[in-house]
Amino acid sequence: MDIPTDTTPPPPRVEDAKPTTAAQKRAARGATRPGDRIFLALSRGSGIALLLVMAAIAAFLAYRASIALADNEGSFFTTFEWDPAGITSGGKPVFGIAVLVFGTVVSSIIALVIAVPVAIGIALFISHYAPRSLAAPIAFVIDLLAAVPSIVYGLWGALVVAPNLTGLYSWLDDYFGWTGIFEYQGGAPRSLMTVGILLAIMILPIITNVSREVFLQVPKFNEEAALALGATRWEVIRMSVLPFGRSGIISASMLGLGRALGETIAVATVLSPSFVINASVLDYGGGTFAQNIASKFNEANEYGRDALIASGLVLFVITLLVNGAARLIIARRKEYSGANA
């Protein structure tokens, strides 16, 4: 007995279908409406313009830096001196950024170590612990702190914060002075530690606001599922909130680090600059890139300004490396991002 067979070919799958008409081909390529095409062109042009601006800045810094470095009698990366005018070296320019790199990096690390845990705690309190009647005023105050000008922070740090840090520095010297890092010799507390504390206060609103917004985006069913399984509030935060917001915390920290690296007026107001690297962060002295540029730009001649621009190029590169490292860290943890939750 013959078994009838169906020889009708199967219908084509949707993914195998190819556009045939001109409209379908335009739809497959992307934007079809005039508004879409205009928006696409503007978006693409904005991205290209940003790259061109960054390239122009880098080219300007590199050109002016090359002029200064061509006549520098010292090692740009290891010299502990800043004398582009050659006042102390018989008219020969000698300058280096060793002290500036050390001061910029150390003060920024101190700021992050202080600010990030406090900012995360405030963000968690606002988003998961505080009642709405209390969370809204606290968030409003945090937003106001982000709008305070740098000079106000600098004056407050010089007149209020620095004079009252002597007791803290003496306590650190009594209990941790044996490490050498917290050895305090007395005197005015205008040191890298003071700069780090002030920078921590300045970057606290940025890290707090971004972290708070990330924590508020945590899917509620994740938290409710953990609570239904008997988890405590802290266990919910540890298992659901913090893993979800890890990339956001990193982004917020990098934003704060960017401001700490480039802060100028507040640092120049608080720090007693000197081209000496001290083992203790409590000893006065040191310097940062931004502070050095701000304090020496007006009195510098044309060659001295080129030397300052050379130091600005190094700060530019450091900032790009920090942002690039942050992007790599976030890319490796895409499983924690909100887009993939």
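Nothing here was measured: the structure is a model prediction, and the numbers come from that model.

### A closer look at the overall build of the protein chain
Then step 1. Scanning the protein chain from terminus to terminus reveals 13 helices and two strands.
Then step 2. Excluding contacts between residues fewer than 6 apart, the proportion of contacts in the protein chain whose partners are at least 24 apart in sequence is 71%.
Then step 3. Accessible surface computed for the protein chain: about 19400 Å², of which carbon and sulfur atoms make up 66%.

### Quick look at the packing of helix α3 (residues 98-129) against helix α7 (residues 192-216)
Then step 1. Between α3 and α7, the least distance of the axes is 5 Å, while the angle of their chain directions is 35°. Crossing hand, α3 versus α7: right-handed.
Then step 2. Of the residues belonging to the contact of α3 with α7, the class tally is 26 nonpolar, seven polar and one charged.

### A short note on the packing of aromatic side chains
Then step 1. According to the stated counting rule, one finds nine aromatic pairs in the structure shown.
Then step 2. Judged by centre distance (5.3 Å) and plane angle (75°), the ring pair of F76 and F77 falls under edge-to-face.
Then step 3. Taking the relative accessible area as the measure of exposure, F76 reaches 9% and is therefore buried.
Then step 4. Chaining the aromatic ring pairs together yields one cluster made of F76, F77, W82, F95, F275 and Y303.
Then step 5. Lying over the aromatic face of Y129, R233 brings its terminal NZ or CZ to 5.7 Å of the ring centre.

### Some remarks on the side chain of S240
Then step 1. Tracing the backbone shows S240 in helix α9 (residues 233-244).
Then step 2. Apart from the residues within four sequence positions on either side, S240 is in contact with V218, N222, A226 and E235.

### What to know about the side chain of S253
Then step 1. You can see S253 is positioned in helix α10 (residues 246-262).
Then step 2. When sequence neighbours within four positions are dropped, the list of residues in contact with S253 reads L112, V116 and I207.

### What to know about the pattern of salt bridges
Then step 1. Throughout the structure, instances matching the rule amount to four salt bridges.
Then step 2. Of the charged contacts in the structure, one is a salt bridge between E302 and R64, with a shortest N-O distance of 3.0 Å. Residue E302 is found in helix α13 (residues 302-332), and its partner R64 is found in helix α2 (residues 34-70); the two are separated by 238 residues along the sequence.
Then step 3. Measuring nitrogen to oxygen at the nearest pair gives 3.2 Å for the salt bridge that ties R212 to E213.
Then step 4. On the basis of relative accessibility, which here comes to 38%, the residue E213 falls in the partly exposed class.
Then step 5. The structure contains a network of salt bridges with shared partners spanning R64, E302 and D306.

### A look at the UniProt feature "transmembrane region" (unreviewed entry) in the protein chain
Then step 1. Under the present numbering, the feature "transmembrane region" (unreviewed entry) in UniProt falls on residues 38-63, 94-126, 138-162, 192-210, 260-282 and 307-330.
Then step 2. Taken end to end, residues 192-210 has its terminal C-alpha atoms 27 Å apart, with 100% of it in helix and 0% in strand.
Then step 3. Annotated as residues 307-330, this span is 100% helix and 0% strand, and its ends, taken at the C-alpha atoms, are 35 Å apart.

### Some words on a nonpolar patch on the surface
Then step 1. On the surface, I151, V152, L155, W156, L159, V160 and I265 cluster together into a nonpolar patch covering about 620 Å² of accessible area.
Then step 2. The element that contributes the greatest number of residues to the nonpolar patch is helix α5 (residues 150-161), accounting for six residues.
Then step 3. Mapped onto the fold, L159 is located in helix α5.

Conventions adopted
- Residues numbered from 1 in each chain as written.
- Predicted model: local features only at pLDDT ≥ 70, side-chain atom pairs only at ≥ 80, totals over all residues.
- Heavy atoms only, no water.
- Helix = DSSP H or I, 4+ residues; strand = E, 2+ residues; numbered from the N terminus.
- Contact = heavy atoms within 4.5 Å.
- Areas by Shrake-Rupley, 256 points an atom, 1.4 Å probe, with all protein chains shown as cover.
- Axes fitted to C-alpha atoms, helices over the stretch in contact; angles between N-to-C directions.
- Left-handed = near helix turned anticlockwise from the far one by under 90°.
- Nonpolar A, V, L, I, M, F, W, Y, C, P; charged D, E, K, R; others polar.
- Phe/Tyr/Trp six-rings, centres within 6.5 Å; stacked < 30°, edge-to-face > 60°.
- Buried < 20%, exposed > 50% of the residue type's maximum accessible area, 1.4 Å probe, protein only.
- Lys NZ or Arg CZ within 6 Å of the ring centre and 35° of its normal.
- Salt bridge = Lys/Arg side-chain N within 4 Å of Asp/Glu carboxyl O.
- UniProt positions renumbered as here; feature names shortened; annotations may be inferred.
- Patch = residues over 30% accessible without salt bridge, like charges linked within 9 Å, V, L, I, M, F, W, Y side chains within 5 Å.

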